[in-house]
Amino acid sequence: MIEIDGSFGEGGGQIVRTAAALSAVTGYPVRIKRIRENRPKPGLSPQHATAIKALARVADGEVEGAEPGSSELRFRPKDLVGGDYDVDIGTAGSVTLLIQCLLPALVFADSPSTLTVRGGTDVKWSPTIDYLSQVALPAFAEFGVMARLSCRQRGYHPRGGGVAVLETVPGKLVRADLSPSESRSIEGISHSSNLPEHVVRRQSEAAAEALKRGGYDAEIGCVTQELPSTGSGITLWSGWKGGSALGERGLPAERVGALAAEEIKRELGSKAAVDLHLSDQLVPYLALAGGSYTAPIVSSHASTNIWTAKQFLEADISVEVGAVATFRA
Ligand SMILES: Nc1ncnc2c1ncn2[C@@H]1O[C@H](COP(=O)(O)OP(=O)(O)OP(=O)(O)O)[C@@H](O)[C@H]1O
């Protein structure tokens, strides 16, 4: 059994998701201790526990300790079984982080799968649903990941109620070397629910103006809906880089648009191939398939994910830090 110290490095939920995902893929049972020990609310959060239980279904495995608040978890995977899976994270737990945990296993499953996830699609501290479909999945596809994501209904904090469907087809992963793009065109979507129509327009106009000042062309769609949850957000993307911001009470719509624009401008201003967030999300696929990419810096999420991947795989992953950080395996 592989033993993982969940408080290592970044010490967050990602160690748990990556360790369980790679346990499922390699078939090595894992015991994760000291889970999120240094977080204000240590142990598994309800959304981490839901992800692990869902992964156990896909891996036909046994799991102990996958309960909210638990500081220790044992996971023993068996066969990776494709099929239809329906997972309700409840409230506004992140749909994209649950997918982050299950996707590697679905890629190695014995048949195609349709995973329906209910929860928050555009929530803090996680990739937005548009970031996952427009930035992360296309980058994973370079490594051979065959997955298609559709957002049936957005879900904002705190009510959630979002629905996303991920369809996967298993296949062999392939080595990929991602190179930087010179593109100066950016796409995006500005969205809201139960808010006046001018909110999405002000978000998108502020973003487009800020991007134009930086010499970028932007095409940003606007969607106003009436859904069970209330909220707004904007995601911008260009190749393997993104920027996003979520509306909140007291934060002017113009500021939300400008924040997303500032983030993607910072990323596009770097000579790296992928953005900061993608650099940690790609680690499992880099470790499994080999390849290379560059990122602006080595984040603590990325170095911790590399450490976690090395506990399961022989992969010789290295990061060389210069003007940009080069990830290689
Ligand atoms: N704005 C964003 N855009 C894209 N990806 C993001 C964004 N914010 C966070 N992420 C990604 O979400 C993941 C967050 O992992 P992390 O371990 O911090 O999450 P967590 O499960 O909420 O755990 P914890 O609560 O312990 O921090 C990382 O892969 C990170 O790259």
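Here is what the cut-offs are and how they apply
Residues numbered from 1 in each chain as written. Predicted model: local features only at pLDDT ≥ 70, side-chain atom pairs only at ≥ 80, totals over all residues. Heavy atoms only, no water. UniProt positions renumbered as here; feature names shortened; annotations may be inferred. Helix = DSSP H or I, 4+ residues; strand = E, 2+ residues; numbered from the N terminus. Rg over C-alpha atoms; globule rule 2.2 N^0.38 Å. Buried < 20%, exposed > 50% of the residue type's maximum accessible area, 1.4 Å probe, protein only. 1 Å grid on protein atoms, 1.4 Å probe; cavity = no way out; pocket = protein on both sides within 12 Å on 5 of 7 lines; lining within 4 Å. Points joined across faces, edges and corners; volume = space filled by probe spheres on them. Nonpolar A, V, L, I, M, F, W, Y, C, P; charged D, E, K, R; others polar. Near = heavy atom within 4 Å. Polar contact = N/O pair within 3.5 Å; in protein donor to acceptor, adjacent residues only side chain to side chain. Areas by Shrake-Rupley, 256 points an atom, 1.4 Å probe, with all protein chains shown as cover.

The name given to the protein in an unreviewed UniProt entry is RNA 3'-terminal phosphate cyclase, with the source organism recorded as Candidatus Methanocrinis natronophilus. On record in UniProt, under Subcellular location (unreviewed entry), the comment for the protein is "Cytoplasm". Quoted verbatim from the Catalytic activity (unreviewed entry) heading of the UniProt record, the comment on the protein is "a 3'-end 3'-phospho-ribonucleotide-RNA + ATP = a 3'-end 2',3'-cyclophospho-ribonucleotide-RNA + AMP + diphosphate".

Student: How do you make sense of the overall build of the protein when you look at a structure like this?
Tutor: Within the protein one finds nine helices and 16 strands. Rg of the C-alpha trace for the protein: 19 Å, near the compact-globule value of 20 Å for 329 residues, within the 12% margin. Projecting the C-alpha coordinates of the protein onto the three principal axes gives extents of approximately 55 × 45 × 40 Å. Burial status across the protein gives 55% buried among its 329 residues.

Student: Would you take a moment to explain the layout of surface pockets for this structure?
Tutor: Rolling a probe over the atoms, with the probe sized like a water molecule, indicates the empty space that remains. Of the volumes computed, that of the second largest pocket is approximately 190 Å³. Along the walls of the second largest pocket sit Pro180, Ser181, Glu182, Ser183, Arg184, Tyr216, Lys241, Leu268, Gly269, Ser270, Lys271 and Ala272, which together make up its complete lining. Considered class by class, the residues forming the lining of the second largest pocket number four nonpolar, four polar and four charged.

Student: What should I look at first to understand the site of the ligand in this one?
Tutor: In the vicinity of the ligand lie 18 residues, with Arg17, Arg36, His48, Asp280 and His301 positioned nearest. Glycine 13 is positioned with one of its backbone polar atoms (N or O) 3.0 Å from an oxygen atom of the ligand. In this structure, an oxygen atom belonging to the ligand sits 2.7 Å away from a side-chain N or O atom of arginine 36. Coverage of the ligand by the protein chains reaches 86% of its 640 Å² of free accessible surface. For the shell around the ligand, the elements supplying multiple residues, two or more each, are helix H1 (13–26), helix H3 (95–107) and helix H7 (276–281). Of the residues assigned to the shell around the ligand, the class counts are four nonpolar, 10 polar and four charged.

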